[in-house]
Every structure is written in C-alpha cells, then in structure tokens.
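Here is how the chains run, residue by residue.
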Amino acid sequence: MTTDFTVAVLGPGGIGGLLGALLSRAGHRVVCLAGEETVGVLRDSGIQVRSGLYGDFHVSVEADTVLREPVDACLVAVKHTSLDAALERIPAEALGDALLVPFLNGVEHPAVLRDHHRPELVAPGVIRVESTRVAPGVIEHGSPFAEIDLSGDLVPRERLEGLARVLGDAGPTTRVLEDESGALWAKLAFLAPLALLTTRYGLPLGEVRTRHREELIALVEEAAAVSRACGGPADPGQALGRYDTFPGATKSSMQRDAESGRPLELDAIGGALLRAAERHGIAVPVTARLVAELRAAGH
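Residues numbered from 1 in each chain as written. Predicted model: local features only at pLDDT ≥ 70, side-chain atom pairs only at ≥ 80, totals over all residues. Heavy atoms only, no water.

**Q** Describe the packing of helix α7 (residues 180-201) against helix α13 (residues 285-296), with residues and values.
**A** Interaxial distance between α7 and α13 falls to 10 Å at its minimum, and their mutual angle equals 45 degrees. Taken together, the axis directions place α7 and α13 in an arrangement best described as oblique. Crossing geometry of α7 relative to α13 is assigned as left-handed. Mapping the contact onto sequence places L196, L197, T199, R200 and Y201 in α7 and T287, R289, L290, V291, E293 and L294 in α13. In terms of residue class, the contact of α7 with α13 is built from six nonpolar, two polar and three charged. (Axes fitted to C-alpha atoms, helices over the stretch in contact; angles between N-to-C directions. Helix = DSSP H or I, 4+ residues; strand = E, 2+ residues; numbered from the N terminus. Parallel < 35°, antiparallel > 145°, perpendicular 65-115°, else oblique. Left-handed = near helix turned anticlockwise from the far one by under 90°. Contact = heavy atoms within 4.5 Å. Nonpolar A, V, L, I, M, F, W, Y, C, P; charged D, E, K, R; others polar.)

Following this line, the structure appears as structure tokens:
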C-alpha cells in the first residue's frame with residue numbers, strides 16, 4: 001500500500017467528500033478546499049461517511065479556502081457550473097507538479113484545465129458512484145460500487161498508475177485507460193439520455209423507460225452516433241440494457257439539481273453533445289429539442 005500521499009480535494013461534496021474520506025482513512029494527508037462555512041465545519045468535525053459498501057466511519061481532514069502548498073494530486077469534484085470560480089482556489093503556482101484530476105461531467109473541461117495547469121499533468125477521471133452530501137461534512141454513499149477510470153493522453157503512464165494504486169487501495173475499483181476521449185465519451189453518451197429525459201419530465205428512470213421509451217431509444221442512438229464520430233464507444237443496445245437493469249427509482253444528478261433549484265449542468269452535458277454533433281454533421285433532433293425545452297424552462 002502506498003502511503004504518505006498528499007491529496008487536495010477541490011469540492012468536498014458527494015464525490016469529493018467520499019474520496020477524501022476514503023483516502024484519509026487509508027492514511028493519506030487530505031486537504032479539502034471549499035468555502036469558509038464548509039471549511040469551518042470540516043476543521044471542527046471532519047467528514048462522516050455512511051456507506052453500505054465501506055461502512056459508517058468518521059475521519060479528520062485538513063481544510064482551507066485555497067491551496068497554499070504543493071500536493072501530489074488535486075481531485076476536482078465541483079460541478080461544471082462552478083468550475084471557473086473554483087479554479088481560483090487552486091492557483092497554478094501552488095499546484096506545482098501535482099496531477100490535476102477532474103471528475104466532471106462532459107468532455108470539454110479538460111481543455112479548460114489545461115489552460116490552468118501544465119497539460120501533461122491533467123488526468124481526467126470518470127467515476128461511477130451514487131454519493132450525496134446531505135450536509136457539510138456528511139456523505140451518504142448509496143451505490144453498492146464505486147468505480148474510477150483514469151486517463152490522460154499526455155500524462156506519464158507511471159503517474160497515472162501510481163494514483164490508481166492510491167485510489168484503489170483506499171477503496172474504489174480503479175483502472176487506467178489508454179484513450180482519454182473514449183473514456184469521457186463513454187460516460188457522456190450514457191449519461192446524456194438519462195439526464196435529459198429524467199430532468200425534462202421530472203420522472204425517475206423507471207417511468208421514463210416505460211412512458212418515454214421511444215424518446216429514450218432515439219436519444220441513445222443519437223448519443224452513440226456522436227460518440228462514435230468522436231472516437232468513443234457506440235453500442236445503443238448495451239446502453240439500453242444497462243438502463244433496464246437500474247432500479248426504477250433512479251434519478252439523475254441533473255434531475256436532483258433541478259428539484260433543489262440548483263444550476264444545471266445542461267450546457268456541459270446536452271450542450272457539449274450538440275456542439276460535437278454539429279462539428280461532425282450529425283443530426284440529433286431529439287437531443288436538440290429536449291435541450292431547447294429545458295432552456296426554455298429557465299435552465
């Protein structure tokens with residue numbers, strides 16, 4: 001097991017809080033970066049995790065409003081809607097040689113981060129997990145899994161594999177993938193139909209896949225076509241099969257944001273899909289309609 005690893009967590013919410021807590025429990029130094037209120041709570045009370053997979057546990061972490069010293073890796077776990085503001089918490093000069101590992105939805109954020117940090121140190125990650133911050137420093141991990149894919153076309157392989165060992169030893173099943181674009185598109189092509197339909201109709205996945213199945217099939221086919229053109233995987237049948245195995249009560253994170261009145265990652269998910277489709281001359285009429293209707297609704 002690798003120890004003495006220092007990790008900054010930008011955005012200790014559902015994803016960042018869970019990863020930070022697991023890394024701290026594994027013996028690593030964790031510095032959470034957030035607003036003053038959250039920082040105060042984390043300094044006083046640490047992070048409490050409730051998880052069927054990892055058990056219920058409590059850890060202490062460091063916390064600050066800005067990164068003030070070099071770290072081995074910085075996990076970026078904020079929403080795309082707050083990325084620009086959050087980057088002010090990790091000045092480029094403070095990052096040093098750290099790997100910058102974003103766990104954001106969409107495919108366009110790596111370019112933003114490579115403008116902020118050295119391109120060969122930006123290692124996009126994809127995480128599959130259901131984890132929610134129910135209060136500052138309180139994380140509920142509901143899924144019976146936590147899986148991470150690390151990539152980074154410009155990142156030295158040994159850096160990626162070292163971080164994968166650290167994360168894997170802490171809990172999440174972690175692997176290194178060769179193709180950054182393929183990894184990001186694999187997630188977006190699966191996420192977009194789920195996010196757009198559950199949010200547009202305000203329904204959980206079980207009702208969407210029965211009451212709006214024709215739209216679901218059309219969206220999956222459109223997303224697969226764009227993914228294929230961008231070098232990602234494209235298997236509509238497999239995607240539909242996965243949707244059909246999910247619990248009927250499943251909600252997308254975009255739907256939960258809409259229900260809570262929070263800004264939506266509509267542009268990072270739906271907008272990115274539309275822009276890629278336009279670049280490749282692919283018609284995506286159902287995607288375009290749903291994005292337009294969500295925007296018309298004030299999102």
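**Q** Any chance you could break down the packing of aromatic side chains for me, citing the residues and the numbers?
**A** Counted under the stated rule, the structure contains two aromatic pairs. Judged by centre distance (4.4 Å) and plane angle (15 degrees), the ring pair of F190 and Y243 falls under stacked. Of this pair, F190 sits in helix α7 while Y243 sits in helix α10 (residues 236-245), and the two are 53 residues apart along the sequence. Through a chain of ring-to-ring contacts, three or more aromatic side chains come together here, namely F190, Y243 and F246. We note R25 situated over the ring of F57; from NZ or CZ to the ring centre the distance is 4.0 Å. Over the aromatic face of F190 sits the side chain of R242, whose NZ or CZ is 3.8 Å from the ring centroid. (Phe/Tyr/Trp six-rings, centres within 6.5 Å; stacked < 30°, edge-to-face > 60°. Lys NZ or Arg CZ within 6 Å of the ring centre and 35° of its normal.)

**Q** So what's going on with the sheet that holds strand β3 (residues 47-51)? Residues and values would help.
**A** Ordered in space as β4-β3-β10-β9, the four strands form an open sheet in which the pairing is mixed. Looking along the sheet, the strands with just one partner apiece sit at the ends: β4 (57-59) and β9 (131-135). Within the sheet, the average angular offset between the axes of one strand and its neighbour, ignoring direction, is 25 degrees. One ladder, built from four bridges, connects β3 with strand β10 (residues 138-141); its direction is parallel. Along β10, the bridge assignment pairs Q48 with V138. In the packing of helix α1 (residues 14-25) onto the sheet, contacts are made with β3, β4, β9 and β10, and the angle to β4 comes to roughly 80 degrees. (Pairing = 2+ DSSP bridges.)

**Q** Tell me about the packing of helix α12 (residues 266-279) against α13, and please be specific about residues and values.
**A** Interaxial distance between α12 and α13 falls to 10 Å at its minimum, and their mutual angle equals 145 degrees. When the axes of α12 and α13 are compared, the crossing they make is left-handed. Facing α12, whose interface residues are L266, D267, G270, G271, L273 and L274, α13 presents T287, A288, V291, L294 and R295. Residues belonging to the contact of α12 with α13 are distributed by class as follows: six nonpolar, three polar and two charged.

**Q** Before we move on, can you summarise the nonpolar core with the specific residues and values?
**A** In terms of nonpolar packing, the biggest core is built from 42 residues, with L23, I47, L75, V101 and L163 touching the most fellow members. Looking at which element gives the most residues to this core, the answer is helix α6 (residues 157-170), with six residues. Beyond its immediate chain neighbours, meaning those up to four positions away, I47 contacts G17, A21, C32, L42, F57, H58, V59, V61, G137 and I139. One finds V126, V208, A218 and Y243 within the second-largest nonpolar core, a separate group that totals 39 residues. (Core = buried A, V, L, I, M, F, W, Y, C linked by side-chain atoms within 4.5 Å. Buried < 20%, exposed > 50% of the residue type's maximum accessible area, 1.4 Å probe, protein only.)

**Q** How would you explain the environment of A276 if you had to name every residue and give the values?
**A** The residue A276 is located in helix α12 in this model. The spacing of A276 and A229 is 47 residues in sequence and 8.7 Å in space, taken between C-alpha atoms. Aside from chain neighbours lying at most four places away, what touches A276 is W185, V226 and C230.

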